[in-house]
Amino acid sequence: MKRKKLLAVLLASAMTISMAACGNDSAESSTPSESTGTESTESSAASEEVSSETPAGEPEQEAVVAELKPLANKEYGTDYVSLYSQFGKETSIADVIEDEETGFAYIERDGVRYQLGLDFLSMAMVYNTAVPEGGVWETEDDVYANWWKLYMQRWNYMMPEVPLYSNEYYDMYNAQIKGVAEHPTNPYWGPEMALIDWTSEKADNSIIIGNVTEMSGKFRYAAFGGTNPNATDLAIQNMTVGMQTVATNKEGGFEWNTTVLASEPEAVENADGSKTYTIKIKDNLKFSDGSPVTAKDYLVFTMVFSSPVAVQAAGKDHQSGRTIVGFKDFNTYTGPDSAEGKKTFAGLRMIDDYTFSVTIDAAELPYFYDITYAGFSAYYTPMWIKDVEIKDDGEGVYFSDEFYTMSDGEKYDMAAHIEEISRNTDTTYPYSGPYVVESYDVADSSAVLKLNPEFPGNYEGVKPSIETVVYKLVVSATQLVDLQSGGVDVLSGITGGNETNEAVALADGAPDKYVYTHYSRAGYGKLGFRADFGSVQFTEVRQAIAYCMDRAGFAKEFTGGYGGVVDGPYYTGSWMYQAAVGQGMMLDAYSTSVDSAIAVLEEGGWVYDAEGNAYTEGVRYKQIPAAEMSENDKTFQSKDGAYKTTQVGDYYYMPLVLNWYGTTDNPFTDQLMTGFASNENIKAAGFEVQYTVGEFNPMLDELYQAAIYGYYSGTPLYTCFNFATGFTSAAYDFAYNLTIDPAMYDDYSQYYVKDEADAYWLN
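Residues numbered from 1 in each chain as written. Predicted model: local features only at pLDDT ≥ 70, side-chain atom pairs only at ≥ 80, totals over all residues. Heavy atoms only, no water.

Participant: Pulling in residues and values, what's your account of the overall build of the protein?
Facilitator: A count of helices and strands for the protein gives 22 helices and 33 strands. Relative to a compact globule of 763 residues, whose C-alpha radius of gyration would be 27 Å, the protein shows 26 Å and is just as compact. Once the C-alpha set of the protein is aligned to its principal axes, its extents read approximately 70 × 65 × 60 Å. Residues classed as buried in the protein amount to 58% of the 763 residues present. Taking as baseline every contact in the protein between residues at least 6 positions apart, the subset at least 24 positions apart corresponds to 72%. With an accessible surface of roughly 29700 Å², the protein has 46% of that area assigned to carbon and sulfur atoms. In the protein, 48 side chains carry a positive charge and 112 a negative one; their mean positions are 2 Å apart. (Helix = DSSP H or I, 4+ residues; strand = E, 2+ residues; numbered from the N terminus. Rg over C-alpha atoms; globule rule 2.2 N^0.38 Å. Buried < 20%, exposed > 50% of the residue type's maximum accessible area, 1.4 Å probe, protein only. Contact = heavy atoms within 4.5 Å. Areas by Shrake-Rupley, 256 points an atom, 1.4 Å probe, with all protein chains shown as cover. Lys, Arg positive; Asp, Glu negative; His and termini not counted. Charge placed at Lys NZ, Arg CZ, Asp CG, Glu CD.)

Below is the structure:
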C-alpha cells in the first residue's frame, strides 16, 4: 500500500508565513507554470489506497473507504443526507487527510474514510476556519486558505464548467470624463461605483455608459426570481440602492459604513452560540423624496424575501434571512390561519425608530465573513408592502395580517405587488442610492439616472457630482464607433484581441480625446453546463470536453495576447490564490489530447452504440440502469431529435450529445463555433454538438429551466451555455451553492452539479 502524508505534515513543509488581513501577499510562493500559475498534474480517479501516517512501531490500520453511489431517484433524508450535515460542524482542518497524488481530501469517522466533495469543502471553507491547537495554522486566514486549496483541487477534478479565457479588461473613456486615472476601476469596483469620484466636463454634466449586456428592468432587485442577476440590472441597482450598514470598499473588502451608522454596531455572543448585532443608524438620513429613513426600512427587504408571499411572487424562495434565528418559522408562516411557523421573525428586532438588531443562528457560526451578517440596505418600506405595518412587540418583527391576504383564496394579493415592484423603473417610489431612475426605454435597452439630492455619501462620505448617468446597450462590433460619435462616454470591460487592439490604437492616436485604464479580470469566460441531466451530468464528460478543447490556444486567440487561461474559479490576484500556490496546489491543466478524452470516456462507460452494442464509430452511448434514470434523462435527446436516449431491456443508453445555447452578437460565441461546435477532437471523441444562437435572457431561462424572463420552452433541452463568471468581491463564499439537499438545490445551485462524494448514506 502506498503511504500518504497527513495534511499537516504536507503543510509543515509548504506553508508560507501566515497571512495578515485579506489582500496581503504571502511572503513567498512557488513559481507559477505558464498556463495556470500552479503545479499541473494529470487528472485521476480517487485512490482506494489512502491512509494516514501512524506512529512508529504501531501497525497501520486500513479504513474502509465509503462508496460513492448515484443520487438519482434516491430520497434525501431517507436514503442519504449531506456529509457536511452529518460531520461538518465537528470537523476541523486538522482532521483532513490529503492524497498527494490526486489532491482529494478525506476525513475518517468510525473506521470509515469519506471523500470530501464540493459541498463539504465549500461549506468548511467559510464555517470551519477556527484555528486548531498545536497545528501549523496560526490564523483563520491560514485555515481558510487551506480549505480553499482543497476546494479548488476538487473543483478542478469535477470540472463543473470549462474556463476558456481570463483576460485583461480595458475601460475606454471620453477624455471629458475626469478623475478616471486617480480613481480607476478594478475587478471589485466597476464604473457604476467608481463614477462617484469622477467629474464630467460635458456641457450637460452627463456621462453615458455603454454595456454589452441587455438590461431587463429589474433594477429594484436584480436577482429577483433567479440565481444570478443580470449584470447591467445589478449595476443600476448598485447606483440606486444604498446607505448600506456594511459597505464593499474599493479593494473588494468589507467595512462598517460610518456615513450612515451612528456608532459601530455592538456584537454580543450569546450563551446558545448565536450572535447578536445591534445596529444604530443616524437619525437624519433621507430617501430621494425627502422622507425619513428609519429602522424598518432596513428590515423590510429581509422580511419580505424570507416570506412565502415573496416565494409566490418570485417563483423562488430567495431566503434572504436564512442565517437569522427564527427564519424557518417565519418562512413557513402563511397567515393568521397558518398551521405551522410563527408570525414573528425572532432574530430581527426593531428596538426604536433608528435602532434594530439581528441575531445570527449558531449553526451559521463561526463564519469567516461574519461582518456581512450585519449588512443591510435601505429600501422604502411602502414600496414592497404598501400600507402593511411592520411591528415588534418584544418577540421579533412581524407584518400586520394584511400582508397575507388572499382575495381569491389561492394567491397572496401582495405577491402581485411584489412582482410588479421588482420591475419598477420610475420614481413612483423613492431611492436610497446616489442616483434615481428617471426613465427606462425597453425598446433600446437604455436607462436615464439622475442625482439623488438626499444621498449622504458613500462609505468614504463622497457624493457624486455628475448630474445625469445614461446606461445603454452597445454592440461589441460597433462600440468604438459609438465612442467616437459621442454616443457613449465609457466602455467598460473591452476584451478580445481585435477589440482591445482597436481600443488602444484609438486612445494612443488621440490622447486628447480618449483615455483608457486596464486591469486583470477577476473571472473568466466559460463554457458552462446545466449538469443535472443529460450527458454533462457525468464528470468524465465534462473532463473530456476540457481535454478536447485547446483552451490555451482559445484564450490566446480570443484575448489577442491580453490574457490567458485559468484552471479553476479563482482570481490570480487574490490573497488566497497566492497562499494556495505557496502550499503546493495541484491543478490539472487538461492539456489538449483527444486520447485523454477518449480514455476518460471509456473509463466512464461510454462504450456503446444506440442499440447497446460495442461502440465502433459515430456518437457514443452510455449504459445506465433504469433505477438511476430521471425523467429528464429518459427524454434526453439531441436538438434535432436524431440522437435519443433509448431503452434496451433493463438498461437505458444515453447519447453523448451536447445541446449548446450561444448568445448573439458575441465574439465569444463566434469563436466557439470552431473551437467547440466544429472541433475535430470533439467529433473524434464521439460527441455530437448541436446548437441554437439567441438572446441572453432566453438563454438564462433555458439554463434555469424556468420562465424567469418569460422565454423558457418548457422542455429541458440545453446542457451547454457560454457566458462569464466574475469574482467582484473579496468574499469568496460558495456555501450552499453546491448543495445536494433538494430543499435548497433549485434556489442555490451555482453549477447544477451534485457531487456524489457529498452524500452520507443512511442505508
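Participant: Can you tell me about the state of the cysteines, naming the residues and giving the values?
Facilitator: One pass over the full model with this rule turns up zero disulfides. Of all cysteine sulfurs, the one in Cys 720 lies closest to Cys 548, which takes part in no disulfide; the gap is 12 Å. Overall, the relative accessible area of 1% leaves Cys 548 in the buried class. Relative accessible area serves as the criterion here: at 0%, Cys 720 is assigned to the buried category. (Disulfide = S-S within 2.5 Å.)

Participant: Hey, could you go over the nonpolar core for me, with residue numbers and the actual values?
Facilitator: One finds Trp 147, Trp 148, Tyr 151, Trp 384, Phe 676, Phe 687 and Tyr 732 to be the most contacted residues of the largest nonpolar core, which totals 168 residues. Looking at this core, the element that brings in the most residues is helix H4 (residues 140–158), giving eleven residues. Those residues in contact with Trp 384 that sit more than four places away from it in its chain are Arg 220, Tyr 221, Val 300, Phe 301, Val 304, Phe 305, Tyr 379, Met 414, His 417, Ile 418, Ile 421 and Ser 422. Listed in part, the 27 residues of the second largest apolar core include Leu 195, Ile 236, Tyr 435 and Ala 447. (Core = buried A, V, L, I, M, F, W, Y, C linked by side-chain atoms within 4.5 Å.)

Participant: Please give an account of the packing of helix H14 (residues 539–548) against helix H17 (residues 594–603) that cites residues and values.
Facilitator: Interaxial distance between H14 and H17 falls to 8 Å at its minimum, and their mutual angle equals 175°. Considering their axes alone, H14 and H17 lie roughly antiparallel with respect to each other. Residues Glu 540, Val 541, Gln 543, Ala 544, Tyr 547 and Cys 548 of H14 touch H17, and the partners they reach there are Ser 596, Ala 597, Val 600 and Leu 601. Of the residues in the contact of H14 with H17, the class split is seven nonpolar, two polar and one charged. (Axes fitted to C-alpha atoms, helices over the stretch in contact; angles between N-to-C directions. Parallel < 35°, antiparallel > 145°, perpendicular 65-115°, else oblique. Nonpolar A, V, L, I, M, F, W, Y, C, P; charged D, E, K, R; others polar.)

Participant: Help me get a handle on the environment of Val 143, residues and values and all.
Facilitator: Structurally, Val 143 is set in helix H4. On the basis of relative accessible area, Val 143 is assigned to the buried category, the value being 0%. Those residues in contact with Val 143 that sit more than four places away from it in its chain are Ile 93, Asn 128, Thr 129, Ala 130, Val 131, Pro 132 and Trp 137.

Participant: Hey, could you go over the pairing of strand S15 (residues 348–352) for me, with residue numbers and the actual values?
Facilitator: Note that S15 and strand S16 (residues 355–360) share four bridges and pair antiparallel. Note that in S16 the partner of Met 350 across the bridge is Phe 356. (Pairing = 2+ DSSP bridges.)

Participant: Describe the sheet that holds strand S27 (residues 621–625), and please don't skip the residues or the numbers.
Facilitator: Pairing is antiparallel across the open sheet formed by three strands, whose spatial order is S27-S29-S28. Each edge of the sheet is formed by a strand with only one pairing partner; in this case those strands are S27 and strand S28 (646–648). On average, each strand axis in the sheet is tilted by 30° relative to the strand beside it, whichever way the strands run. Bridging between S28 and strand S29 (residues 651–655) involves three bridges; their strand directions are antiparallel. Note that in S29 the partner of Gln 647 across the bridge is Tyr 652.

Participant: Please give an account of the sheet that holds strand S13 (residues 266–269) that cites residues and values.
Facilitator: Read across the open sheet, the four strands follow the order S13-S14-S16-S15; overall the sheet is antiparallel. In this open sheet, the two edge strands, each paired with only one partner strand, are S13 and S15. Pairs of neighbouring strands in the sheet enclose a mean axial angle of 20°, with direction left out of account. Where strand S14 (residues 275–280) lies against S16, six bridges are found, and the strand directions are antiparallel. Paired with Lys 275 across the bridge in S16 is Ile 360. The strands touched by helix H7 (residues 295–304) are S15 and S16; relative to S15, the strand with the most contacts, the crossing angle is about 165°.

Participant: For the environment of Thr 102, give the residues involved together with the corresponding values.
Facilitator: Topologically, Thr 102 is positioned in the loop between strand S4 (97–98) and strand S5 (105–109). Overall, the relative accessible area of 14% leaves Thr 102 in the buried class. Spatially, the C-alpha atom of Thr 102 lies 8.1 Å from that of Met 586, the residues being 484 residues apart in sequence. In terms of polar contacts, Thr 102 uses its side chain to reach the backbone amide nitrogen of Phe 104, at 3.1 Å. (Polar contact = N/O pair within 3.5 Å; in protein donor to acceptor, adjacent residues only side chain to side chain.)

Participant: Describe H7, listing the residues and the values that go with them.
Facilitator: By the criterion of burial, H7 is predominantly enclosed, with nine of the ten residues buried. Considered for burial, the residues of H7 that qualify are Ala 295, Asp 297, Tyr 298, Leu 299, Val 300, Phe 301, Thr 302, Met 303 and Val 304.

Participant: Help me get a handle on unusual backbone geometry, residues and values and all.
Facilitator: Note the cis peptide between Leu 365 and Pro 366, where omega equals -10°. Positionally, Pro 366 belongs in the loop between S16 and helix H10 (381–385). With a phi close to 55°, Asp 110 is a non-glycine residue in the positive phi region. Examined against the element boundaries, Asp 110 turns out to sit in the loop between S5 and strand S6 (112–115).

Participant: Let's hear about the packing of aromatic side chains: which residues, and what values?
Facilitator: Inspection of the entire model under this criterion finds 66 aromatic pairs. For the ring pair Tyr 127 and Tyr 367, a centre distance of 5.2 Å and an interplane angle of 35° mean the geometry is tilted. Taken together, the positions of Tyr 127 in helix H3 (residues 118–127) and Tyr 367 in the loop between S16 and H10 put the pair 240 residues apart, joining distant regions of the chain. Here Tyr 127 falls in the buried class, since its relative accessible area comes to 5%. (Phe/Tyr/Trp six-rings, centres within 6.5 Å; stacked < 30°, edge-to-face > 60°.)

Participant: Any details on the pairing of strand S24 (residues 523–529)? Residues and values, ideally.
Facilitator: Working note: regular strand, side chains alternate between the two faces of the sheet. With seven of seven residues buried, S24 is to be regarded as a mostly interior element. Residues Gly 523, Gly 525, Leu 527 and Phe 529 line one face of S24 and the alternating positions Tyr 524, Lys 526 and Gly 528 line the opposite face, and both faces are buried. Bridge count between strand S7 (residues 161–174) and S24: four bridges; the pairing is antiparallel. By the bridge assignment for S24, Glu 161 is matched with Gly 528. Strand direction decides the pairing type here: S24 and strand S32 (residues 720–726), joined by seven bridges, are antiparallel. Bridging from a neighbouring strand, Tyr 524 pairs with Thr 725 of S32.

Participant: Residues and numbers for the pattern of salt bridges, please.
Facilitator: Enumeration according to the criterion identifies 19 salt bridges in this entry. Put simply, Asp 755 and Arg 154 hold a salt bridge, and the shortest N to O gap is 2.8 Å. Of the two residues, Asp 755 sits in the loop between helix H22 (742–748) and strand S33 (759–761) while Arg 154 sits in helix H4, which places them 601 residues apart along the sequence. The buried category is assigned to Arg 154, whose relative accessible area is 5%. A salt bridge links Glu 161 to Lys 526; the shortest N-O distance between them is 2.8 Å. In this pair, Glu 161 sits in strand S7 while Lys 526 sits in strand S24, placing the two residues 365 residues apart along the sequence. (Salt bridge = Lys/Arg side-chain N within 4 Å of Asp/Glu carboxyl O.)

Participant: Tell me about the environment of Lys 275, and please be specific about residues and values.
Facilitator: In this fold, Lys 275 is placed in strand S14. Among all residues touching Lys 275, those that are not within four sequence positions of it are Ala 267, Val 268, Glu 269, Asn 270, Val 358, Thr 359, Ile 360, Leu 365 and Asp 370. Within the structure, Lys 275 has its side chain in polar contact with the side chain of Tyr 277 (distance 3.5 Å).

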